[in-house]
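# Structural overview for review
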Amino acid sequence: MRDPLEPTPRGPDDALDQVLRQELRWEAPPEVTAFLLGLIPNGTLWAETLQRPRPQPWYSTLVLILTAVAVGLSLAVAWQVIGSLSAELGLIAIVEQLRAAPEIGLQRLYDALPVSRHIVAVLVIVREQLHWLLLAIMLWLALDGWQPQRLSTRQTR
């Protein structure tokens, strides 16, 4: 009898995933690195480049913060420029018309075919039920694939 906490094999894809995880994660031995650097003319320059000290953590954090501020400022300026251009070109009015188009179309449909109100109401109910069904299926699949043993091994690493 199989232990219920033991992970269940899910097919050839899982075996392939395990092999790929093992094979794609490797480190070159230092001898190989030294040999390859020896093949490069003027390899001492490369060796010195590889052995340079890393920057201090505060410096990396400062560069990260300054980069985030620069990107945020660039996005803010771009937002202002696009906003002013769209106001000049009348894109705001076009977007508002596109937003109102479904409501206008439904109203015209209701005026032309009064029975269509009931059909649209039924379609809305069906859509809501399909939404909940899709959510239930996704939760079921997520919980079906959950295995406590795998979770515990990931936490110990």
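See the structure above.
### Points about the overall build of the protein chain
- Counting its regular elements, the protein chain contains 7 helices and 0 strands.
- By residue count, 5% of the 157 residues in the protein chain fall in the buried class.
- Only carbon and sulfur atoms are counted for the fraction: they give 68% of the accessible area of the protein chain, which is about 14800 Å².

### Considering helix α5 (residues 91–112)
- Look at α5: 31 Å from first C-alpha to last across 22 residues, which is about the 32 Å you get at 1.5 Å a residue.
- At Ala-101, α5 is deflected by roughly 35 degrees, the largest bend along its length, and proline Pro-102 occurs up to four residues later in sequence.

### Some remarks on the packing of aromatic side chains
- Here the structure, examined in full by the defined rule, presents 1 aromatic pair.
- When the ring of Trp-58 is compared with that of Tyr-59, the centres are 6.0 Å apart and the planes differ by 85 degrees; the resulting orientation is edge-to-face.

### Let's talk about the pattern of salt bridges
- Using the criterion set out here, one finds 1 salt bridge in the structure.
- Salt-bridge contacts for Arg-99 lead to Glu-96; the nearest nitrogen and oxygen are separated by 3.3 Å. Note that Arg-99 and Glu-96 are positioned in helix α5 at a spacing of 3 residues, about one turn of the helix.

### Things to note about the packing of α5 against helix α6 (residues 116–144)
- Between α5 and α6, the least distance of the axes is 8 Å, while the angle of their chain directions is 135 degrees. Taken together, the axes of α5 and α6 lie oblique to each other. Residues Leu-106, Gln-107, Leu-109 and Tyr-110 of α5 form the contact with α6, whose participating residues are Ser-116, Arg-117 and Val-120.
- Tallied by class, residues from the contact of α5 with α6 come to 4 nonpolar, 2 polar and 1 charged.

Cut-offs and rules
- Just so you know, the residues in each chain are numbered from 1, in the order the chain's sequence is written.
- A pLDDT threshold of at least 70 governs which residues receive local features in this predicted model, and a stricter bar of 80 or more applies before side-chain atom pairs are shown or counted, although totals over entire chains, interfaces and linings include all residues.
- Calculated side-chain values reflect all of the structure's heavy atoms, with hydrogen atoms and water omitted.
- Working definition: helices are DSSP H or I runs of at least four residues, strands are E runs of at least two. Numbering for both runs from the N terminus.
- For each residue, the accessible area found with a 1.4 Å probe, counting protein chains only, is set against the maximum for its type, and the residue is called buried under 20%, exposed over 50%, and partly exposed in between.
- Accessible surface area values rest on a Shrake-Rupley calculation with a 1.4 Å probe, where residue burial reflects the displayed protein chains alone.
- A helix is expected to span 1.5 Å multiplied by its residue count minus one.
- Across the chain, bend at a residue is computed as the angle between axes fitted to the seven residues ending at that point and the seven starting from it.
- Two aromatic rings, drawn from Phe, Tyr or Trp (for Trp, its six-membered ring), form a pair once their centres lie within 6.5 Å of each other, and the interplanar angle then sorts them: stacked below 30 degrees, edge-to-face above 60, tilted otherwise.
- Each reported salt bridge corresponds to a side-chain nitrogen of Lys or Arg within 4 Å of a carboxyl oxygen of Asp or Glu.
- All axes are obtained by fitting lines to C-alpha atoms, using only the stretch in contact for helices, and the reported angles, taken between N-to-C directions, cover 0 to 180 degrees.
- Working rule for angles: under 35 degrees goes down as roughly parallel, over 145 as roughly antiparallel, 65 to 115 as roughly perpendicular, anything else as oblique.
- Note on contacts: a residue pair qualifies if any of its non-hydrogen atoms lie within 4.5 Å across the two residues.
- Side-chain classes follow a simple rule in which Ala, Val, Leu, Ile, Met, Phe, Trp, Tyr, Cys and Pro form the nonpolar group, Asp, Glu, Lys and Arg form the charged group, and the remainder, Gly included, forms the polar group.

Don't take any of this as a statement about function, it's just geometry.
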